[in-house]
Amino acid sequence: MDSVSSKSIMNGTNFSLSEEHRRLQSRARAFVDEVLVSAELECEEGGGLSAGRISELTRSVVDWEFNAVNHSPEDGGQGYDNFEQMLLNEQLGRATGALWNVVMQPASSMRFATPEQKREYLAPTCRGERREAYVITEPGAGSDVRAVQTRADRIDGGFKINGEKWFTDGGGADYLLVHAHVDGDPDRPTVFFVDKDVPGVRVEKTPSFTHNYVWGHPQFVLEDVEVGEDKILGDVGEGFELTKDWFVEARLAIGARCVGAATRATEIANEFAAGRVQFGQPVRDFQAIEFMLADMAVEIMASKSMLYRVCWETANESDPKLAHARASAVKLQCSEMASRVCDKAVQIMGGRGYQRENPVERLWRDVRVDRIWEGTSEVQRMIIGGQIKKRGLDVYTGW
Ligand SMILES: Cc1cc2nc3c(=O)[nH]c(=O)nc-3n(C[C@H](O)[C@H](O)[C@H](O)COP(=O)(O)OP(=O)(O)OC[C@H]3O[C@@H](n4cnc5c(N)ncnc54)[C@H](O)[C@@H]3O)c2cc1C
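Note that this is a predicted model, so its numbers are computed, not measured.

Definitions and cut-offs
- Residues numbered from 1 in each chain as written.
- Predicted model: local features only at pLDDT ≥ 70, side-chain atom pairs only at ≥ 80, totals over all residues.
- Heavy atoms only, no water.
- Axes fitted to C-alpha atoms, helices over the stretch in contact; angles between N-to-C directions.
- Helix = DSSP H or I, 4+ residues; strand = E, 2+ residues; numbered from the N terminus.
- Parallel < 35°, antiparallel > 145°, perpendicular 65-115°, else oblique.
- Left-handed = near helix turned anticlockwise from the far one by under 90°.
- Contact = heavy atoms within 4.5 Å.
- Domains from an automatic or database assignment.
- Salt bridge = Lys/Arg side-chain N within 4 Å of Asp/Glu carboxyl O.
- Polar contact = N/O pair within 3.5 Å; in protein donor to acceptor, adjacent residues only side chain to side chain.
- Near = heavy atom within 4 Å.
- Areas by Shrake-Rupley, 256 points an atom, 1.4 Å probe, with all protein chains shown as cover.
- Nonpolar A, V, L, I, M, F, W, Y, C, P; charged D, E, K, R; others polar.
- Pairing = 2+ DSSP bridges.
- Expected span 1.5 Å × (residues − 1).
- Buried < 20%, exposed > 50% of the residue type's maximum accessible area, 1.4 Å probe, protein only.

**Comments concerning the packing of helix H8 (residues 320-349) against helix H9 (residues 359-366)**
Part 1 of the argument: At a minimum axis separation of 9 Å, H8 and H9 run at an interaxial angle of 150°. Between H8 and H9, the angle is such that the two are roughly antiparallel. The element H8 and its partner H9 pack so that their crossing is left-handed. The segment H8 lies against H9, with Cys342, Asp343, Ala345, Val346 and Met349 engaging Val360, Glu361, Leu363 and Trp364.

**Concerning the domain arrangement of the protein chain**
Part 1 of the argument: The domain boundaries assigned to the protein chain delineate domain 1 (3-126), domain 2 (132-235) and domain 3 (240-397).
Part 2 of the argument: A C-alpha centroid distance of 19 Å is found between domain 1 and domain 3.
Part 3 of the argument: Every contact between the two is made by 34 residues of domain 1 and, on the other side, 30 residues of domain 3.
Part 4 of the argument: At the surface where domain 1 touches domain 3, the tally comes to seven salt bridges.
Part 5 of the argument: Where arginine 29 meets glutamate 267, a salt bridge forms, and the shortest distance between an N and an O atom there is 3.9 Å.
Part 6 of the argument: There are 13 residue pairs in polar contact (both at pLDDT 80 or more) connecting domain 1 and domain 3.
Part 7 of the argument: Elements that contribute at least two residues to the side of domain 1 that touches domain 3 include exactly helix H1 (19-36), helix H2 (40-46) and helix H4 (82-92).
Part 8 of the argument: Here the side of domain 1 that touches domain 3 takes seven residues from H4, the largest share from any one element.

**What about the site of the ligand?**
Part 1 of the argument: Near the ligand lie 18 residues; those nearest to it are Thr137, Ser143, Phe167, Thr376 and Glu378.
Part 2 of the argument: Tyrosine 134 is positioned with one of its backbone polar atoms (N or O) 2.9 Å from a nitrogen atom of the ligand.
Part 3 of the argument: Between the ligand and threonine 376, the relevant distance is 2.7 Å, taken from an oxygen atom to a side-chain nitrogen or oxygen of the residue.
Part 4 of the argument: Summarising the interface, the protein chains cover 66% of the accessible area of the ligand, which totals 960 Å² for the free molecule.
Part 5 of the argument: Elements that contribute at least two residues to the shell around the ligand include exactly strand S1 (132-135) and helix H10 (377-391).
Part 6 of the argument: Split into classes, the residues belonging to the shell around the ligand amount to eight nonpolar, seven polar and three charged.

**A closer look at the packing of helix H6 (residues 239-275) against H9**
Part 1 of the argument: As a packed pair, H6 and H9 sit with axes 9 Å apart at the nearest point and diverge in direction by 150°. Considering the angle they form, H6 stands roughly antiparallel to H9. Classified by chirality, the crossing of H9 by H6 is left-handed. Two secondary-structure elements touch here, H6 through Ala261, Arg264, Ala265 and Ile268 and H9 through Pro359, Val360 and Leu363.
Part 2 of the argument: Each residue belonging to the contact of H6 with H9 can be placed in one class, and the counts come to six nonpolar, no polar and one charged.

**Structural notes on the pairing of strand S3 (residues 158-165)**
Part 1 of the argument: Of the strand pairs in this sheet, strand S2 (residues 151-155) and S3 are connected by five bridges, and their pairing is antiparallel. Looking across to S3, one finds that arginine 151 is bridged to asparagine 162.
Part 2 of the argument: Between S2 and the antiparallel strand that follows it, S3, lie two residues; glycine 157 among them carries a positive phi value of about 80°.
Part 3 of the argument: The pairing of S3 with strand S7 (residues 219-228) spans seven bridges and is antiparallel.

**Digging into H6**
Part 1 of the argument: Along its 37 residues, H6 runs 53 Å from first to last C-alpha, staying within 8% of the 54 Å computed at 1.5 Å per residue.
Part 2 of the argument: Among the 37 residues of H6, 27 are classified as buried, and the element is accordingly described as predominantly covered.

Right under this line is the structure:
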């Protein structure tokens, strides 16, 4: 995909998508409808999908060439820019059960891997043969990443890692990117590649959550796990910078998926409201319902405008500090919007909106976590408040 074409969206007076972007958008939509939506109920009713079914879906992702869109072709990816990634992620957000997670987007920080690490981890992850989980959170370290207790103590030829990682995306992974403090020093946060099957790594528990996602979120214990120097991603002490880099991409992806989720919920509620008759008229003709639909449409429009603008900027301009500042705003706005919109969609559908077989109910449940992970809404507000203080309001309003 030619990333230069992204410029057409904000080029002077032309805010429309290029032909190329429209093609990508409709191909992504077709993929979601044909491949992911067909697995939704199975995922919901089974509390996730079997390994066999996940492999099948993974093959489809590769066949449709939607694997690793966020990595360069040299590293085995599709080389989409941030705007193109957003167009795909928006459509993926329509699927329930986090089926979007099957569409592998290996952590962007892996582009800093050594050639050997790329061969061992990144390339097979791009091909759908391996999968990573980026594990930072711990019992005592959630929003406060510096409070991480997992330590990597130097030993002859490498490190010994000890710690506990909670709320992971590790159910579908075969290796972990472990955020640990070298010699217990919070000023030396470092990311390590750790294979799940090495001695000392064990799953303590896989708790149930509100959603039924494609795979679970196990809690890992790492006990005297020995890794070589060659398992460090980047350098000792770079863990926080690598994680920050990953946060920008992950937060924009959440924003995009939330817009996709809210749009699908609104489409379904809108269609229902036109066909459902009570008191002798379609319920959409009651102003109470019509006003909800109006608010939902406007909320999506506002969030989508912001999302497209920021993703266009991060695709075409390269100020990482601004990208970080604005990705927080996108994540905050889109995740809170999606909760409000999906809640109204449930309300419009009445009892039917509360049934798990209804995608609207699942979307409502699924988007709840988007206000919690990758930095809670409160943490995003802290970041935004800090940016206003440091750089001025213009970061958000001066354009
Ligand atoms: C399903 C799921 C999957 C996840 N996947 C991953 C993963 O793959 N990898 C990973 O590393 N983590 C993952 N997480 C963890 C997630 O990022 C954390 O849950 C999140 O960062 C919040 O941390 P916490 O849950 O410990 O809440 P806490 O940090 O304990 O926060 C509790 C409350 O206090 C508020 N709060 C905290 N600090 C402040 C402050 N300074 N000012 C105002 N309010 C504050 C929070 O906003 C929240 O409301 C996942 C979580 C879930 C639920």
